[in-house]
Structure formats: C-alpha cells, structure tokens
Amino acid sequence: MQPSFWHDKWDAQQVGFHLSAVNPLLVKYWPQLELDANAQVFVPLCGKSLDMCFLAEQGHEVLGCELNELAVQQFYRENELAFDISTLAEHQRFHTEQVTIYQGDIFSLDAAEMPNTQAFYDRAALIAWPEEMRSAYARQLAKLVPANSTGLLITLDYPQAELNGPPFAVSDDWVQANLATDFEIERLSSEDVLSENPRFVNKQVSWLTESVYKLIRKG
Ligand SMILES: C[S@@+](CC[C@H](N)C(=O)[O-])C[C@H]1O[C@@H](n2cnc3c(N)ncnc32)[C@H](O)[C@@H]1O
C-alpha cells in the first residue's frame with residue numbers, strides 16, 4: 001500500500017489490525033526460537049503493537065520500524081514509557097531503555113543501523129502488502145536482518161477474490177516460492193481461524209487460515 005493509505009488509517013484511528021492484548025501465537029511459539037534473553041529483536045511495520053512489550057518483558061532489546069509518527073507516539077504514551085527522539089538519516093529514532101522505534105519508511109532503513117539484531121517478528125507486516133509489493137518487502141527484510149538470525153512470521157490465507165485486503169492472503173505456496181532463497185522455512189502451525197474473525201464471516205469469506213512460520217536467514 002502507498003504511505004498515504006496508512007497515514008489516513010492512523011489519522012482516522014481506523015486500526016482494526018491493532019490487538020488490545022499480546023498475540024497468543026507469539027507467546028506460544030516465541031520459545032521455539034531458543035534465543036538468548038538479551039537478543040535484539042527487529043519488529044518491522046510495528047504499529048503500536050503490544051507484542052513489543054511482551055518481547056521487552058522477555059529481556060529482549062526491541063527495535064521497531066513504523067511509518068506513522070502518531071502510531072509511535074501512541075505506543076510510548078499508552079504504555080507510559082518516557083522516550084527521547086533523535087534523527088538518524090531518514091528516520092526519527094524514538095528511544096527508551098528497551099524499545100527503540102525507527103519512524104519512517106522501512107525501505108530507507110539500512111542494515112548498518114541494526115548490526116546487532118539476532119531475531120525478528122513479523123505479524124501483519126508481510127500480509128500488509130499487496131502481492132505486487134510483497135516480494136520487495138521480503139527482500140528488504142532479508143537485507144536488514146543478519147545471516148543466521150531467526151524469526152517468527154504469521155500469515156493469513158483466504159480466497160483473495162472474496163475480500164479486498166489488507167490483510168492480503170499469503171499462501172503457503174507463496175511463502176515457499178518467495179522466501180526460500182533467503183530463509184530456511186519451517187511451518188510451525190496452520191489453523192482455521194474463520195470463526196474468530198467477524199469481518200471475514202460478515203463478508204461470507206469461505207475459509208481463513210492463520211499460519212506461523214519459523215524462519216532462519218540463510219548465510
Ligand atoms: C497492518 S499494520 C500492522 C502493525 C503491527 N505489526 C501490528 O501487528 O499491530 C501495518 C503497519 O505498517 C506500517 N507501514 C506501512 N508501510 C510502511 C513502510 N513502508 N515502512 C514502515 N512501516 C510501514 C503502517 O503504518 C501500519 O502501522
């Protein structure tokens with residue numbers, strides 16, 4: 001999507017993707033990455049996700065990237081975290097002890113700005129892109145995270161013709177065909193989640209699955 005799409009959503013506070021609690025799939029599957037507690041974790045397209053608080057509570061240093069400034073301001077304010085702001089190349093860097101967010105476009109973020117990252121967490125980031133932009137995002141993610149870093153990816157899949165994204169449908173075939181060059185891929189789960197998603201039920205979408213993948217950046 002173009003930046004204006006997301007800025008308009010945040011301005012209107014139409015943020016139905018934002019969860020009011022930590023994602024249970026993160027809680028369930030994060031231990032499978034077997035990371036050191038102090039590992040730095042990159043959260044692309046982070047919004048104001050409470051998942052960053054969960055990761056910080058595990059001891060991780062969290063590094064987010066988010067386009068919209070209001071989203072970033074809301075993250076720190078709503079979680080009562082005092083922050084400082086500096087400018088780093090094309091991004092504003094919001095910082096508190098365990099959570100740093102680069103506010104700006106992920107495509108202008110440079111791997112040199114996050115050399116110590118050991119892990120990543122993609123929830124509602126890959127699936128936020130329409131198919132024609134998705135592989136460019138996946139390539140940028142692969143450029144940003146170092147070799148051998150490991151991450152969780154959460155996707156949704158459904159018959160795309162039955163509903164307009166975002167979130168966009170991402171099939172297991174797409175993941176295997178487009179991510180395997182850069183990542184080792186292990187699918188950890190795939191569940192039918194239609195009944196838990198009223199927007200999809202109301203639009204009479206025939207099926208909806210949510211999958212969790214463990215990825216390892218190839219060397
Ligand atoms: C569907 S939301 C998901 C947010 C978060 N991951 C969550 O789970 O709540 C996608 C987010 O990506 C941000 N975004 C969109 N394009 C971006 C870009 N080019 N660079 C950085 N962030 C972007 C949007 O502003 C939005 O907050």
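The rules behind these values
- Residues numbered from 1 in each chain as written.
- Predicted model: local features only at pLDDT ≥ 70, side-chain atom pairs only at ≥ 80, totals over all residues.
- Heavy atoms only, no water.
- UniProt positions renumbered as here; feature names shortened; annotations may be inferred.
- Salt bridge = Lys/Arg side-chain N within 4 Å of Asp/Glu carboxyl O.
- Helix = DSSP H or I, 4+ residues; strand = E, 2+ residues; numbered from the N terminus.
- Buried < 20%, exposed > 50% of the residue type's maximum accessible area, 1.4 Å probe, protein only.
- 1 Å grid on protein atoms, 1.4 Å probe; cavity = no way out; pocket = protein on both sides within 12 Å on 5 of 7 lines; lining within 4 Å.
- Points joined across faces, edges and corners; volume = space filled by probe spheres on them.
- Nonpolar A, V, L, I, M, F, W, Y, C, P; charged D, E, K, R; others polar.
- Axes fitted to C-alpha atoms, helices over the stretch in contact; angles between N-to-C directions.
- Parallel < 35°, antiparallel > 145°, perpendicular 65-115°, else oblique.
- Left-handed = near helix turned anticlockwise from the far one by under 90°.
- Contact = heavy atoms within 4.5 Å.

UniProt annotates the protein as Thiopurine S-methyltransferase of Shewanella pealeana. As recorded by UniProt, the Subcellular location comment attached to the protein reads in full: "Cytoplasm". Among the UniProt annotations of the protein, the heading Sequence similarities holds the following wording: "Belongs to the class I-like SAM-binding methyltransferase superfamily. TPMT family."

**Student:** Even after reading the chapter, I still don't get the pattern of salt bridges, so can you show me in this structure?
**Tutor:** Pairs can form between side chains of opposite charge whenever their charged atoms are close. This model, assessed by the stated rule, comprises three salt bridges. E78 is the partner of K48 in a salt bridge, and the nearest nitrogen-oxygen pair spans 3.1 Å. Residue K48 is found in the loop between β1 (40–44) and α3 (51–57), and its partner E78 is found in helix α4 (residues 69–78); the two are separated by 30 residues along the sequence. Judged by its relative accessible area of 8%, K48 is buried. The partly exposed category is assigned to E78, whose relative accessible area is 49%. R187 is the salt-bridge partner of D172, the closest N and O atoms lying 3.9 Å from each other. With a gap of 15 residues between them, D172 in helix α6 (residues 172–179) and R187 in strand β8 (residues 183–192) connect regions that are remote in the sequence. The exposure class of R187 is partly exposed, given its relative accessible area of 43%.

**Student:** Sorry, what's going on with empty space enclosed by the protein here?
**Tutor:** The method is simple in principle: a probe with the dimensions of a water molecule rolls over the atoms, and the space it marks as empty is what remains. Enumeration according to the criterion identifies one cavity of 30 Å³ or more in this entry. In this structure, the largest cavity occupies an estimated 50 Å³ of space. The wall of the largest cavity is formed by D122, L126, A138, L141, L153, L179, F183 and L215. Its residues assigned to classes, the lining of the largest cavity comprises seven nonpolar, no polar and one charged.

**Student:** Got a minute to help me understand unusual backbone geometry in this structure?
**Tutor:** Only a minority of non-glycine residues have a phi that is not negative, and only a minority of peptide bonds are not trans. In this model, G165 is joined to P166 through a cis peptide bond whose omega is -5 degrees. Structurally, P166 can be placed in the loop between β7 (150–157) and α6. A cis amide bond links P166 with the next residue in sequence, P167, at an omega value of 0 degrees. By the secondary structure assignment, P167 is in the loop between β7 and α6. We note that A124 has phi near 60 degrees; this positive angle belongs to a residue other than glycine. Here A124 shows up in the loop between β6 (117–123) and α5 (131–144).

**Student:** Would you take a moment to explain the packing of α5 against α6 for this structure?
**Tutor:** Pairs of packed helices are described in terms of their axes, by the angle between the two and the distance that separates them. Where α5 contacts α6, the two axes come as close as 11 Å, and the packing angle between them is 45 degrees. When the axis of α5 is compared with that of α6, the two are oblique. In this structure, α5 crosses over α6, and the sense of that crossing is right-handed. Contacts between α5 and α6 pair E131, R134, S135 and A138 from the former with W174, N178 and L179 from the latter. Residue composition of the contact of α5 with α6, grouped by class: three nonpolar, two polar and two charged.

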